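# Structural characterization, general
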Amino acid sequence: MEDANRIAYITCVSDEEMYAACRQALARQQLPEGMEAEFVPIRGAQSMCAGYQLGQERSRAKYKLYLHQDCILQRADAVKRMLSVFAHYPKAGLVGLAGARKLPEYGMWWLGEELYYYLAEQTGDTIQLHAAGTTEGAEALEVAAVDGVLMLTAVDIPWRSDIFTGWHFYDISMCMEMRWRGYEVYVPNQEQMRPWALHRTRNRRLPDVYFAWRQTFLDHYGQKDPEIAMFSVNHDASLHPRLSVCYIVRDGARELSLSLARLQGEADEIIVVDTGSSDATAEVARSFGARVYAYAWDDDFAAARNLALEKATGDWILILDADEHLPAVHGSLHHSVVRAAAGGAEALTVTLVNVDLDAGGRETPPEPLLRLWRSRPGRRYTGRVHEAIGDHGAPLAPLGEAREIVLRHTGYSEARAKEKMARNLVLLQRQIEERGERDTDWRYLADCCYGLEEYELALHYARLAIEKGARTLAGPARMYEVAIASLAKLDRPTSERLALARQAAAACPAEASFAREAESAAAQCEAEAWYAAQAERDDASLSAAAEAWSAAAEQPETRRSFLAAWAGETGRVRLCMALDGARRGAASRLVEEMTVGEALSAAPIVRQASQSICDLFLSLYLLSGTREGQRQLLAEEWPERLPASFTRLIYALCLLGHEDRAAGCPSLTAADFAAWSLGLGMIARAAASAGLTRYARLALDFAPDWACVTRAADALLARQDWQDALLLLSAVPEDAAAESACGHFWYATGRALYHLGQSGAAECFARAEAAGCTERALSSYQAWSEEAEHGTEA
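First, a word on what this report is: a plain description of the structure on this page. (Residues numbered from 1 in each chain as written. Predicted model: local features only at pLDDT ≥ 70, side-chain atom pairs only at ≥ 80, totals over all residues. Heavy atoms only, no water.)

### Considerations on the side chain of Ser-486
Locating Ser-486 in the fold gives a position in helix H14 (residues 477-489). With residues near it in sequence (within four places) discarded, Ser-486 still touches Tyr-450, Tyr-455, Ala-458 and Leu-459. (Helix = DSSP H or I, 4+ residues; strand = E, 2+ residues; numbered from the N terminus. Contact = heavy atoms within 4.5 Å.)

### Some remarks on the pairing of strand S11 (residues 150-153)
Burial along S11 is two-sided: the face carrying Leu-150 and Leu-152 and the face carrying Met-151 and Thr-153 are both buried. As paired strands, strand S3 (residues 61-67) and S11 are joined by four bridges and run antiparallel to one another. In the sheet register, Leu-67 faces S11, and the bridge partner there is Leu-150. The pairing of strand S5 (residues 92-96) with S11 spans three bridges and is antiparallel. Each bridged residue has a counterpart across the sheet, and for Gly-96 the counterpart in S11 is Met-151. (Buried < 20%, exposed > 50% of the residue type's maximum accessible area, 1.4 Å probe, protein only. Pairing = 2+ DSSP bridges.)

### Quick notes on the packing of H14 against helix H15 (residues 494-507)
For the pair H14 and H15, interaxial distance at closest approach is 10 Å and the crossing angle is 170°. One way to sum up the angle between H14 and H15 is to call them roughly antiparallel. Here Tyr-480, Ala-483, Ile-484, Leu-487 and Ala-488 of H14 lie close against H15, whose contacting residues are Glu-496, Arg-497, Leu-500, Ala-501, Gln-503, Ala-504 and Ala-507. Among the residues forming the contact of H14 with H15, the class breakdown is nine nonpolar, one polar and two charged. (Axes fitted to C-alpha atoms, helices over the stretch in contact; angles between N-to-C directions. Parallel < 35°, antiparallel > 145°, perpendicular 65-115°, else oblique. Nonpolar A, V, L, I, M, F, W, Y, C, P; charged D, E, K, R; others polar.)

### Examining helix H30 (residues 722-729)
In terms of burial, H30 is a largely internal element, six of the eight residues being buried. Along H30, the residues that are buried comprise Trp-722, Asp-724, Ala-725, Leu-726, Leu-728 and Leu-729. Those residues of H30 that are buried are in contact with helix H28 (693-698), helix H29 (706-718) and helix H32 (744-755).

### Some remarks on the nonpolar core
In terms of nonpolar packing, the biggest core is built from 86 residues, with Leu-65, Leu-150, Met-176 and Phe-217 touching the most fellow members. The greatest single-element share of this core, amounting to seven residues, is contributed by helix H4 (residues 170-180). Look past the residues within four positions of Leu-150 in its chain and what remains in contact with it is Leu-65, Tyr-66, Leu-67, Cys-71, Leu-73, Met-82, Val-95, Gly-96 and Leu-97. (Core = buried A, V, L, I, M, F, W, Y, C linked by side-chain atoms within 4.5 Å.)

### As for unusual backbone geometry
Omega for the bond connecting Ala-397 with Pro-398 falls within 30 degrees of zero, at -10°, which places this linkage in the cis form. Assignment of secondary structure puts Pro-398 in the loop between strand S23 (388-391) and strand S24 (399-409).

### What to know about the sheet that holds S3
Spatial ordering of the open sheet is given by S2-S1-S3-S11-S5-S12-S9, a layout of seven strands whose pairing is mixed. One side of each edge strand has no neighbouring strand; the edge strands of this open sheet are strand S2 (36-43) and strand S9 (140-143). Between one strand axis and the next, the sheet turns by 25° as a mean value, whatever way the strands run. Inspection of the sheet shows strand S1 (residues 3-13) paired to S2 by eight bridges, in the parallel sense. Note that in S2 the partner of Thr-11 across the bridge is Pro-41. Its contacts with the sheet place helix H2 (residues 48-58) against S1, S2 and S3, and it is angled at close to 140° to S2.

### Observations regarding a nonpolar patch on the surface
Taken together, the side chains of Tyr-106, Trp-110 and Leu-111 define a hydrophobic patch exposed on the protein surface, amounting to about 280 Å² of accessible area. With respect to the element layout, Trp-110 can be found in the loop between strand S6 (98-102) and strand S7 (113-123). On the accessibility criterion, Trp-110 (34% relative accessible area) is partly exposed. (Patch = residues over 30% accessible without salt bridge, like charges linked within 9 Å, V, L, I, M, F, W, Y side chains within 5 Å. Areas by Shrake-Rupley, 256 points an atom, 1.4 Å probe, with all protein chains shown as cover. Salt bridge = Lys/Arg side-chain N within 4 Å of Asp/Glu carboxyl O.)

### Here we look at the packing of aromatic side chains
A complete count under the given rule lists 33 aromatic pairs for this structure. When the ring of Phe-169 is compared with that of Phe-217, the centres are 5.4 Å apart and the planes differ by 25°; the resulting orientation is stacked. Of this pair, Phe-169 sits in the loop between S11 and H4 while Phe-217 sits in helix H5 (residues 208-221), placing them 48 residues apart in sequence. The burial state of Phe-169 is the same as that of Phe-217; both residues are buried. Between the aromatic rings of Trp-373 and Tyr-381, the centroid separation amounts to 6.0 Å while the plane-to-plane angle is 70°, which identifies the pairing as edge-to-face. Assessed through its relative accessible area of 1%, Trp-373 is described here as buried. (Phe/Tyr/Trp six-rings, centres within 6.5 Å; stacked < 30°, edge-to-face > 60°.)

In structure tokens, the structure reads:
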């Protein structure tokens, strides 16, 4: 819960001396009685929005002052007087010191109309006073937008770090987001010639990148006339439609709490229909201001939904479930509604992303879902399960899209999916008995059967839905996905999946995934046929044959990469090693079992791993990260089941940081780099939960072959693992760095520093250029890093 007696001073810090002066002035501020302050410096921010969003999440203070490190408050009562604006104007959400009542259509506030500001600005040794406008004796003046040198908020609205990834237009964007949600923006009455703040700017010149961010701002906020009205102080009710958010919930207190928390500032009304909870669902809902209605559950989702619709009084309706929530960073729902209404839409699809919490937060591809529409008396749900909204029985129209509204759904994580699917199947069968079978039922039957691992039935119903042209919002694409996935689960020939994927690509041209599936299936067919013909080859000739087959393709590297991935995923360990140039040594039981396709039944440590060498190596890597796991791995007889290079990697991981490592573990050499590189790809999927830092540190064993260490850093950079890449690059000595071809070391180091928001990137790029670096992105990185380290903050 937020603390109304606390204020947080949030600053993005890149200059410690400058921040010290800023902080000293803040410490002298006279706050209202009983209010406390906290300092929240953000170092290494990748953008102003990202830094401020992090600061927002770190503090429970109700009031948050976001200010530049080069802003020095001149009056001891400045913050206190800004806080008083919220008491005088209940709808105020943000207060700044400089702003405009009307922005020009090109978005630059200081060139707008009815400006108001009194600020001192220091450039070098020169201090100038900038003043404009009047509040005509009022406590404060409402404006359309304020400058970002200093911004005080009373509500937490997400900073749009998803859109603005630089250092400009974060301030005007926040003003728009506030006002779309119905909050007002003000500047307080400031006496002339007595500025409240001194802005110590280095340079008034606008960098070229500023105009690119201005276009981003205009693209998002200023495309249509009703939105341009937000560029001036405007209280037109049509720009602030009332939004009702409706839930039906049962025993969902934990999930509902997060869902409602993410709705703060978005909903004008929240309706919760409780279908018989035994937990604190109702109490949680009321704590967020929701109106709660009890409903006796009778196996009818439509009836429960319709009760919520009857109680809603808003102009627009948004339907959510307890296990659905908005992302931490999101735009205004009102903004999306107004944009859609301006285009004549009566209903909108939003974007749904399923998040499998049991698989480390793995996300499914986004899909459209009809959840948002203008409230009308005849719009009601039908259907006991997979309920559908209609307008007097007809589909809602005209239908628009609000792709920017993303719902993250956690309710179908693997642990709970079967239970829900079994429930839905029972309700669906009951519904079919009551009103007969319809085309759309096949689509839902296919989904249920697939979730229950009844893949033959799933394939049957999916093909029926495709054949009969069952119409659903997702179109035929979903049924093709279920059918193709069922074929894979049933281990049907790749050629059968290939044929269906090609059919899907022709039927759903907008779905690029089917074209990729067809290409992948075709490549697998070719790989299987080729590999079957290599059964009699020894390891050496297999390696030569693989290289020859790859070289014969139109794109040799693409085929080689695919072949390596396919070999790992399907357990062709001999081929994995042949492609990597590493010999497996003595024949191992693991390779033999995988070659003949038998299930693993060896030590308990590898028993849970599948036939895929990727899964086996991943399980060993995860075990090596715990003390008990290390003990087991060092005691078990698993090494005979892995190629020698992988055995050395696992031993090294187990003994990483141990004093006796040198004595107990064969050291890694450059000859093991190919295995290290292959292993990186195998464990990368565990990065979210386990991290790659331990694995990255192993690459330091390749020293003094520093070229090998740099190659390892390149592999990490390719995965955008900037921190671990920098860990390796920082260990490379100066003389080895100087030997790097065409300054590649300095280019790689500069990239890591830049993306981590650390100083020194510009110097690295300069050294790379001096060494003859030919990377195409060098000039862009030079401009970006110069701006980040020496540019003007907007």
